[in-house]
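Listed below, chain by chain, are the residues.
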Amino acid sequence: APLGRYAYSASLSIEGDFKTHLCGGSLIAPDIVLTVAHCASWPGPYQRVDIDQHNLDDRDEEHEYLFAREPILHPQHVLLPDEFAYDFAIVRLYGVAQTPPVRLNRDPAVPSKQGEPLTVFGWGFLDDDIPSNMVKSPVLLETEIGYVPNDICIDLEGIDPKTQKLFSYGERYVRDETMCAHHPDRGSCLGDSGSPLIIRGNAAAGDLQVGLVSFGLDCNHDVLPGVYA
């Protein structure tokens, strides 16, 4: 990603460094970061929120950081493994950030067109094909994927690489409070959870956040999209 382009992007970590980065988030108000609920169990492992940082491995890079208060999970989220319904949480901050927040989408009809370009970014793992060789990216990466309407996403079927059996998200995972986006060669991955999914503007002030990285069967499955809160 271009240096400083997504200043409102946040890293939730234990010690504010690359090794302890856990999840992404976005600054939605001067003292509030939006992330996914499955990242926000409390007392959570993360303590610090770094904002407007590009390289998490560069201790000397100038950026903002604040410490996290207790997160507030969506009241209908169930904090159990493999539960992603209402996967939203807000993390209150000690102090006020100077970085401008991202705009949040309030129109349920946006996005609307299949294949509409959406941008996702984060510091997550680069590939999940070789679990023993998985590495995170220290620098913020971005990629463009395409919107998939829920009525299409819910019926898609693909081979689960772990079981080698046919799998479909169905109504169990694709719900009114989720959306799907896909590209067969790229997408969000582990460690990107909570990171923003946006309609990209000409500059950060024109960006519109439409979702958050929630889950997926694979990081870049050839058929099955990623599912976003």
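See above for the structure.
Rules of the game
Residues numbered from 1 in each chain as written. Predicted model: local features only at pLDDT ≥ 70, side-chain atom pairs only at ≥ 80, totals over all residues. Heavy atoms only, no water. Helix = DSSP H or I, 4+ residues; strand = E, 2+ residues; numbered from the N terminus. Rg over C-alpha atoms; globule rule 2.2 N^0.38 Å. Buried < 20%, exposed > 50% of the residue type's maximum accessible area, 1.4 Å probe, protein only. Contact = heavy atoms within 4.5 Å. Areas by Shrake-Rupley, 256 points an atom, 1.4 Å probe, with all protein chains shown as cover. Lys, Arg positive; Asp, Glu negative; His and termini not counted. Charge placed at Lys NZ, Arg CZ, Asp CG, Glu CD. Pairing = 2+ DSSP bridges. Salt bridge = Lys/Arg side-chain N within 4 Å of Asp/Glu carboxyl O. Core = buried A, V, L, I, M, F, W, Y, C linked by side-chain atoms within 4.5 Å. Phe/Tyr/Trp six-rings, centres within 6.5 Å; stacked < 30°, edge-to-face > 60°. Lys NZ or Arg CZ within 6 Å of the ring centre and 35° of its normal. Disulfide = S-S within 2.5 Å.

Peer 1: Could you give me a rundown of the overall build of the protein, with the residues and numbers involved?
Peer 2: Scanning the protein for helices and strands turns up two helices and 16 strands. For the protein, whose C-alpha radius of gyration is 16 Å, the value lies close to the compact-globule estimate of 17 Å for 229 residues. Considered along the principal axes of its C-alpha atoms, the protein spans approximately 45 × 40 × 35 Å. Counting only residues that meet the buried cut, the protein has 50% of its 229 residues in that class. Within the protein, residue pairs in contact and separated by at least 24 positions form 68% of the contacts whose partners lie at least 6 positions apart. Entry remark: accessible area of the protein is about 11200 Å², with carbon and sulfur atoms responsible for 52%. With 16 positive and 34 negative side-chain charges, the protein shows a spacing of 3 Å between the two charge centroids.

Peer 1: How would you sum up the pairing of strand β5 (residues 64-68)? Please name residues and give values.
Peer 2: In the sheet, strand β4 (residues 48-51) pairs with β5 via four bridges, with the strands oriented antiparallel. Bridging across to β5, Val49 finds its partner in Leu66. In this sheet, strand β7 (residues 89-94) lies alongside β5 in antiparallel orientation, the contact comprising two bridges. Residue Phe67 lies in a different strand from β7, and its bridge partner there is Tyr94.

Peer 1: Explain the pattern of salt bridges residue by residue, including any values.
Peer 2: In this structure the tally under the stated criterion is six salt bridges. Measuring nitrogen to oxygen at the nearest pair gives 2.8 Å for the salt bridge that ties Arg5 to Asp207. Here Arg5 is found in the segment before β1 (9-13), whereas its partner Asp207 is found in the loop between β14 (196-199) and β15 (208-215), with 202 residues between them in sequence. With respect to class, Arg5 is no different from Asp207; both count as buried.

Peer 1: So, the nonpolar core: which residues are in play, and what are the values?
Peer 2: Residues Val33, Val49, Ile51 and Leu93 are the most contacted members of the largest nonpolar core, which totals 24 residues. Those elements that provide at least two residues to this core are β1, β4, β5 and β7. In terms of residue count, the dominant contributor to this core is β7 (three residues). Contacts of Val49, omitting those with residues within four sequence positions, involve Ala10, Ser11, Leu12, Val33, Glu64, Tyr65, Leu66, Ala68 and Leu93.

Peer 1: Could you give me a rundown of the packing of aromatic side chains, with the residues and numbers involved?
Peer 2: For the structure on display, the rule yields ten aromatic pairs. Ring geometry for Tyr6 against Tyr8: centres 6.4 Å apart, planes inclined by 75°, an arrangement best described as edge-to-face. Of the two residues, Tyr6 and Tyr8, both sit in the buried class. What links up through ring pairs into an aromatic cluster is the set Phe84, Phe167, Tyr169, Tyr173 and Phe215. One Lys or Arg, Arg48, reaches over the ring of Tyr65 and ends 3.7 Å from the middle of that ring. For Arg172, the ring lying beneath its charged end belongs to Tyr173, and the centroid distance is 4.6 Å.

Peer 1: Report on the state of the cysteines, specifying residues and quantitative values.
Peer 2: Enumeration according to the criterion identifies three disulfides in this entry. The residue that forms a disulfide with Cys153 is Cys180, at a sulfur-sulfur distance of 2.1 Å. The S-S bond linking Cys153 to Cys180 shows a torsion near -80°; that makes this disulfide left-handed. Taken together, the residues span a long stretch of sequence, with Cys153 in helix α1 (residues 150-153) and Cys180 in strand β13 (residues 179-182) at a distance of 27 residues. In the protein, the bonded cysteines, numbered by position in the sequence, are linked as 1-2, 3-4, 5-6.

Peer 1: Lay out unusual backbone geometry with the relevant residues and their values.
Peer 2: Cis rather than trans, the peptide bond between Val110 and Pro111 has omega equal to -5°. Secondary-structure assignment places Pro111 in the loop between β8 (103-104) and β9 (117-122). One non-glycine residue, Asp82, lies in the positive phi region at around 65°. The topology assignment puts Asp82 in the loop between β6 (72-73) and β7. Relative accessible area serves as the criterion here: at 41%, Asp82 is assigned to the partly exposed category. Here Gln164, not a glycine, exhibits a phi torsion of approximately 60°, which is positive. Its location among the elements puts Gln164 in the loop between β11 (158-159) and β12 (166-167).

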